[in-house]
Amino acid sequence: MQPSRDISGLLEIMAALRDPASGCPWDVEQDFRSIAPYTIEEAYEVADAIQRDDHDDLREELGDLLLQVVYHAQMADEEGRFDFADVVEGITTKMIRRHPHVFGDEEAKSAGMAKGAWERIKAEEKRERAKRRAQLGIEDKDKGFLDHVPTIFPALTEAEKLQKQASKVGFDWGAAGPVLDKVAEETQELAEEVSSDTPDRDRIEDEIGDLFFAIANLARHLEIDPEKALKRTNAKFRKRFAHIEETAKARQTTLDAMSLDEMEEIWQAAKRI
């Protein structure tokens, strides 16, 4: 088998890897749940390449992400559920339907995206989805108000989205001030638990979670993306720690050989740069 620019070549490779008789033992034993973490990881690596403005890495990471789609489609095909072509047909159908001002007739193109059209298209898709799932024997349970927020999001993002969803029905603080007070309250509760005579690890974890949730709420009220804010701090930490490492090399020593006081001195110098 040779490398190919044709998607069919990738589909053939995936089918060969999953062949029970001659495929790769590791690939054969995988299922949707075991592969899902890799799918999420590859999506993050695509985002990382974009963040670093590294288009060579982006090309490679997009390929890794595409492989994840092919992987899931192959497993679904083996179970007789759907195949890669069904995935492609589904998304192309959705994109054409959602952009009548681009792919519709001349009248639709000239009219542009009419007000309310997006909501009507989404409602139509929802009805079709319900009909399709009923035909497949899939019973959708009534969702709670917060069930529309997927649990798979990173914790800070999930917290922000849960709060936004709850705010739609008025369950929200009126301004940032009371939320800041809540952050102080949660900080105090955490401090009390940590300093107690018999600290309870489970309660400490609970209090830390409450503090993160309150901080995510404060960020939302201040119109700050908490995930982005923490990423910014992470990048700052990387840069300053790298300065410590570079200084250690310049002094012909190692991080392990340096004292905490020495590293703190360099850290403070990095902050001033």
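One can find the structure itself at the top, above this paragraph.
None of the values given here were measured: they were computed from a predicted structure.

Conventions used here
- Residues numbered from 1 in each chain as written.
- Predicted model: local features only at pLDDT ≥ 70, side-chain atom pairs only at ≥ 80, totals over all residues.
- Heavy atoms only, no water.
- Salt bridge = Lys/Arg side-chain N within 4 Å of Asp/Glu carboxyl O.
- Helix = DSSP H or I, 4+ residues; strand = E, 2+ residues; numbered from the N terminus.
- Buried < 20%, exposed > 50% of the residue type's maximum accessible area, 1.4 Å probe, protein only.
- Phe/Tyr/Trp six-rings, centres within 6.5 Å; stacked < 30°, edge-to-face > 60°.
- Lys NZ or Arg CZ within 6 Å of the ring centre and 35° of its normal.
- Patch = residues over 30% accessible without salt bridge, like charges linked within 9 Å, V, L, I, M, F, W, Y side chains within 5 Å.
- Areas by Shrake-Rupley, 256 points an atom, 1.4 Å probe, with all protein chains shown as cover.
- Lys, Arg positive; Asp, Glu negative; His and termini not counted.
- Charge placed at Lys NZ, Arg CZ, Asp CG, Glu CD.
- Contact = heavy atoms within 4.5 Å.

## Observations regarding the pattern of salt bridges
If the charged atoms of two oppositely charged side chains come close together, the side chains can form a pair.
Moving on, step 1. In total, this model carries 14 salt bridges according to the counting rule given.
Moving on, step 2. For Arg220, the salt bridge is made with Asp172, and the minimal N-O distance between the two is 2.7 Å. Of the two residues, Arg220 is situated in helix H11 (residues 201-221) and Asp172 in the loop between helix H9 (155-167) and helix H10 (176-194); the sequence distance between them amounts to 48 residues.
Moving on, step 3. On the basis of relative accessibility, which here comes to 13%, the residue Arg220 falls in the buried class.
Moving on, step 4. When the shortest N-O distance is used, the salt bridge between Glu185 and Lys182 registers 3.3 Å. Of this pair, Glu185 and Lys182 are both found in helix H10, three residues apart, which corresponds to roughly one turn of the helix.
Moving on, step 5. Given a relative accessible area of 38%, Glu185 falls into the partly exposed group.
Moving on, step 6. Exposure remark for Lys182: the relative accessible area of 26% places this residue in the partly exposed category.
Moving on, step 7. Salt bridges sharing partners connect three or more residues here, namely Asp48, Arg52, Asp54 and Asp57.

## Brief notes about the packing of aromatic side chains
Moving on, step 1. Per the counting criterion, the structure on display carries three aromatic pairs.
Moving on, step 2. Their ring planes at 55° and their centres at 5.3 Å tell us that Phe237 and Trp267 sit as a pair that is tilted. Placement of Phe237 in helix H12 (residues 226-250) and of Trp267 in helix H13 (residues 260-272) is noted, with a sequence separation of 30 residues between them.
Moving on, step 3. Clustering of aromatic rings is evident, with ring pairs tying together Phe237, Phe241 and Trp267.
Moving on, step 4. The residue whose ring lies beneath Lys161 is Phe153, and the NZ or CZ to ring-centre distance is 5.2 Å.

## Looking at a negative patch on the surface
Moving on, step 1. A cluster of like negative charges, contributed by Asp200, Asp202, Glu205 and Asp206, occupies part of the molecular surface.
Moving on, step 2. Assignment of secondary structure puts Asp200 in the loop between H10 and H11.

## Section: the side chain of Glu158
Moving on, step 1. Its location among the elements puts Glu158 in helix H9.
Moving on, step 2. One buried charged side chain, Glu158, makes no salt bridge at all; its nearest oppositely charged neighbour is Lys161, positioned 11 Å away.
Moving on, step 3. With residues near it in sequence (within four places) discarded, Glu158 still touches Val149, Pro150, Thr151 and Phe153.

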